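Here are the chains, one letter per residue:
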Amino acid sequence: MSEPAVAPPRNWSGTVSYGFREASRPTSLDDVRRLVETERGLRAVGSGHSFNDLADGEHAIVMDRFTDVTPAADHTVVRVGGGVTYADVALGLRPHGLALANLASLPHISVAGAVATATHGSGRDAGNLATHVRALELVTGAGDVRTVRRGDADFAGAVVSLGALGVVTALELDVEDERPWSQTVLLGLPEDEIGTRLDELHALARSVSIFTRWDGSPARVWLKRREGDADVPLPTDLQSATREQHPIDGLDPVHCTPQLGEPGWWADRVPHFRTGFMPSSGDESQSEYHVARHHGAAAVQALRDVGPAIAEALQTAEIRAVAGDDLWLSPQHGQDTWAFHFTWFSGEGLAARAAAVLEEALAPFDARPHWGKLHHHAPRPERIEDFRALRTRLDPDDRFVNDWVRRVLLTD
Ligand SMILES: Cc1cc2nc3c(=O)[nH]c(=O)nc-3n(C[C@H](O)[C@H](O)[C@H](O)COP(=O)(O)OP(=O)(O)OC[C@H]3O[C@@H](n4cnc5c(N)ncnc54)[C@H](O)[C@@H]3O)c2cc1C
């Protein structure tokens, strides 16, 4: 029997209010099936770190009883429950000497929620976190329990599901042997050199982030290396920071994972923010746009041009690299991308206005939004009709259709 639960009233930062009228906490697959058979307006609840109404609904399915983290005996894959966070996974892998290949900027987010929105970290050759998925166990909107594996016909459509296909009750993720990582921050990158140096800078380490304010001030570059990676010489014109840095100028870096080149546990280096501490600033909204790599320099120039128009709203901006994939609704579908991220102040309308400015500036590059962040428009994904057909098959009675899904995925 599902247990009673309290529905989240709003997202993590309080910038999006949800309209849930009911909430249930299933404790078994059968509980999830019963909910799907009897209720409508359903949404599985992740950790609430999205910045739009994607995660809203009428009946919240709270997944915090689905907490398994079980590595397989062959040490190549871990099975995790549909309610765990990346911090839970990292802790569960630690006794087995295992790790994930990449993480987002924070370990606080739920795996199922991150995968559903194609959340990503950084790395020229690193796919988004949905590409780590080897299999999904899904209670579909039709009430069936289905396991969809890499290689199955529905797999590429079902992984980045945006919560619209049903409830993910478990995932299998690729894992690798744990090795120490270290991170170094370089200071003093002239803003007018970012566009022409994107490739050079992202070749310096396995995971690279450039933080800038698009206001003409020098940018900073986060380099994250895994033990055993090639020791690429650092550019002599940039200075290695001798004090820890927060991605948002002026905030206390105690919230951040250790830097200064000190090797440590992968889960304490790959994300920017430490478990147990407030990630980012907390008082914020976010937007992010993905453009094909060959547009990098031109997109950077477009962002420099609109810098003054977004300055009032901007806390910090980040540029990362994400490798292409074949997942139908992934912003990396069919293309390697640069990811242009923006952390906004949360004041009334500030973020929405700034996002509109960006969308106009980046329109010539067919910029694809991060589905979990504030955006107004999205170019039609190439495989949208295939996704619609899959959705109709798996959720024939529209039990998982919310306003966001109707507006963004089902309306031309
Ligand atoms: C401080 C901060 C830093 C961030 N850093 C990054 C970053 O580095 N890279 C990046 O790409 N994004 C980043 N994000 C965005 C964030 O990773 C995504 O919005 C992600 O979706 C959050 O996961 P969540 O579980 O909180 O999702 P939620 O907002 O809770 O849910 C998102 C969607 O997933 C669905 N969902 C959740 N669980 C299930 C389930 N079990 N079954 C089916 N559907 C489910 C929900 O129904 C919803 O539709 C950041 C956000 C914050 C607040």
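**Student:** I would appreciate a short explanation of the overall build of the protein chain in the present structure.
**Tutor:** When helices and strands are counted, the protein chain shows nine helices and 19 strands. Based on the C-alpha atoms only, the size of the protein chain along its principal axes is roughly 60 × 45 × 35 Å. Residues counted as buried form 58% of the 412 residues belonging to the protein chain. Restricting the contact set of the protein chain to residue pairs at least 6 apart, pairs at least 24 apart contribute 71%. With the model as given, the accessible surface of the protein chain reaches about 16,100 Å², and the carbon-plus-sulfur share is 49%. Both charge centroids of the protein chain, one from 40 positive and one from 59 negative side chains, sit 2 Å from each other.

**Student:** I tried to follow the pattern of salt bridges on my own but got confused; where do I start?
**Tutor:** Two side chains carrying opposite charge are able to pair once their charged atoms lie near each other. Counted according to the given criterion, the structure contains 33 salt bridges. Across the pair Asp31 and Arg34 runs a salt bridge, and its minimum N-O distance is 2.9 Å. Of the two residues, Asp31 and Arg34 are both situated in helix α1 (residues 29-38); the distance of three residues between them amounts to about one turn of the helix. On the accessibility criterion, Asp31 (1% relative accessible area) is buried. Residues Asp395 and Arg391 are paired through a salt bridge, measuring 3.7 Å at the closest nitrogen-oxygen approach. Because the salt bridges share partners, they merge into one network encompassing Glu193, Arg197, Glu200 and Asp237.

**Student:** I would appreciate a short explanation of the site of the ligand in the present structure.
**Tutor:** The environment of the ligand is made up of 35 residues, and the closest members are Ala44, Ser47, His49, Ser50 and Ser110. At 2.7 Å from an oxygen atom of the ligand is found a main-chain nitrogen or oxygen belonging to Ala44. Here Thr119 contributes a side-chain N or O atom positioned 3.1 Å from an oxygen atom of the ligand. Protein burial of the ligand: of its 970 Å² of free accessible surface, 99% is covered by the chains. Taken together, the elements giving at least two residues each to the shell around the ligand come down to β3 (42-45), α3 (111-116) and β10 (166-174).

**Student:** I would appreciate a short explanation of the pairing of β10 in the present structure.
**Tutor:** For a regular strand, side-chain orientation follows a simple rule: the groups alternate between the two sheet faces. Burial of β10 is extensive: eight of the nine residues sit out of reach of the surface. Where strand β6 (residues 77-81) lies against β10, five bridges are found, and the strand directions are antiparallel. Bridge pairing in β10 links Val78 to Leu173. Pairing of strand β8 (residues 133-140) with β10, which is carried by seven bridges, proceeds in the antiparallel orientation. Across the sheet, residue Ala135 finds its bridge partner in β10, namely Glu172.

**Student:** Quick question: what am I supposed to make of the side chain of Thr169 here?
**Tutor:** Counting through the fold element by element, Thr169 comes out in strand β10. Overall, the relative accessible area of 3% leaves Thr169 in the buried class. Aside from chain neighbours lying at most four places away, what touches Thr169 is Leu29, Val32, Met63, Phe66, Val80, Gly81, Gly82, Glu137, Leu138 and Val139.

**Student:** Teacher, can you tell me more about unusual backbone geometry here?
**Tutor:** With the exception of glycine, most residues fall at negative phi, and the peptide bonds are largely trans. The phi angle at Leu260 is positive, at roughly 55°, despite the residue not being glycine. For Leu260, the location among the structural elements is in the loop between β15 (239-240) and β16 (285-292). In this structure Leu260 comes out as partly exposed when scored by relative accessible area, which is 44%. Here Asp398, not a glycine, exhibits a phi torsion of approximately 60°, which is positive. Tracing the sequence through the fold places Asp398 in the loop between α8 (384-394) and α9 (403-409).

**Student:** What should I look at first to understand the sheet that holds β10 in this one?
**Tutor:** Two strands in a sheet stick together by hydrogen bonds in their backbones, pointing the same way (parallel) or opposite ways (antiparallel). The strand order across the open sheet built from five strands is β5-β6-β10-β8-β9, with neighbouring strands paired in antiparallel fashion. Looking along the sheet, the strands with just one partner apiece sit at the ends: β5 (69-71) and β9 (145-149). Recorded for the sheet is a direction-independent mean angle of 20° between the axes of neighbouring strands. Sheet topology places β8 next to β9; five bridges connect them, and they run antiparallel.

**Student:** For this particular structure, what's the right way to read the nonpolar core?
**Tutor:** Nonpolar side chains tend toward joint burial in soluble globular proteins. Grouped together as the largest cluster of nonpolar side chains are 57 residues, with contacts concentrated most on Tyr86, Leu100, Val111, Leu171 and Trp266. Leave out the neighbours within four places in its chain, and Tyr86 touches Leu100, Leu103, Pro107, Ile109, Ser110, Val111, Ala114, Val115 and Leu129. Judged by nonpolar contacts, the second largest core, of 41 residues, contains Val208, Leu223, Leu303 and Ala317.

**Student:** For this particular structure, what's the right way to read the environment of Ala104?
**Tutor:** Checked against the element boundaries, Ala104 lands in the loop between β7 (98-99) and α3. Considering only alpha carbons, one finds Ala104 and Gln183, 79 residues apart in sequence, at a separation of 15 Å. Leaving out residues up to four positions away in the same chain, Ala104 has contacts with Ile109, Thr119, His120, Gly121, Leu129, Val270 and Pro271.

**Student:** How do you make sense of the domain arrangement of the protein chain when you look at a structure like this?
**Tutor:** Accessible area lost upon the coming together of the parts is a frequently used measure of interface size. Split by domain assignment, the protein chain resolves into domain 1 (3-62), domain 2 (69-178) and domain 3 (181-369). For domain 1 and domain 2, the distance between their C-alpha centres works out to 20 Å. The interface of domain 1 with domain 2 comprises 12 residues on the first partner and 16 residues on the second. Both sides together, the interface formed by domain 1 and domain 2 hides about 1,100 Å², and carbon and sulfur atoms give 72% of it. Scanning the region where domain 1 abuts domain 2 turns up zero salt bridges. Counting the contacts that link domain 1 with domain 2 gives four residue pairs in polar contact (both at pLDDT 80 or more). Among the secondary structure elements, those contributing two or more residues to the side of domain 1 that touches domain 2 are α1 and β3.

Criteria and thresholds
- Residues numbered from 1 in each chain as written.
- Predicted model: local features only at pLDDT ≥ 70, side-chain atom pairs only at ≥ 80, totals over all residues.
- Heavy atoms only, no water.
- Helix = DSSP H or I, 4+ residues; strand = E, 2+ residues; numbered from the N terminus.
- Buried < 20%, exposed > 50% of the residue type's maximum accessible area, 1.4 Å probe, protein only.
- Contact = heavy atoms within 4.5 Å.
- Areas by Shrake-Rupley, 256 points an atom, 1.4 Å probe, with all protein chains shown as cover.
- Lys, Arg positive; Asp, Glu negative; His and termini not counted.
- Charge placed at Lys NZ, Arg CZ, Asp CG, Glu CD.
- Salt bridge = Lys/Arg side-chain N within 4 Å of Asp/Glu carboxyl O.
- Near = heavy atom within 4 Å.
- Polar contact = N/O pair within 3.5 Å; in protein donor to acceptor, adjacent residues only side chain to side chain.
- Pairing = 2+ DSSP bridges.
- Axes fitted to C-alpha atoms, helices over the stretch in contact; angles between N-to-C directions.
- Core = buried A, V, L, I, M, F, W, Y, C linked by side-chain atoms within 4.5 Å.
- Domains from an automatic or database assignment.
- Buried area = accessible area lost by both parts, 1.4 Å probe.

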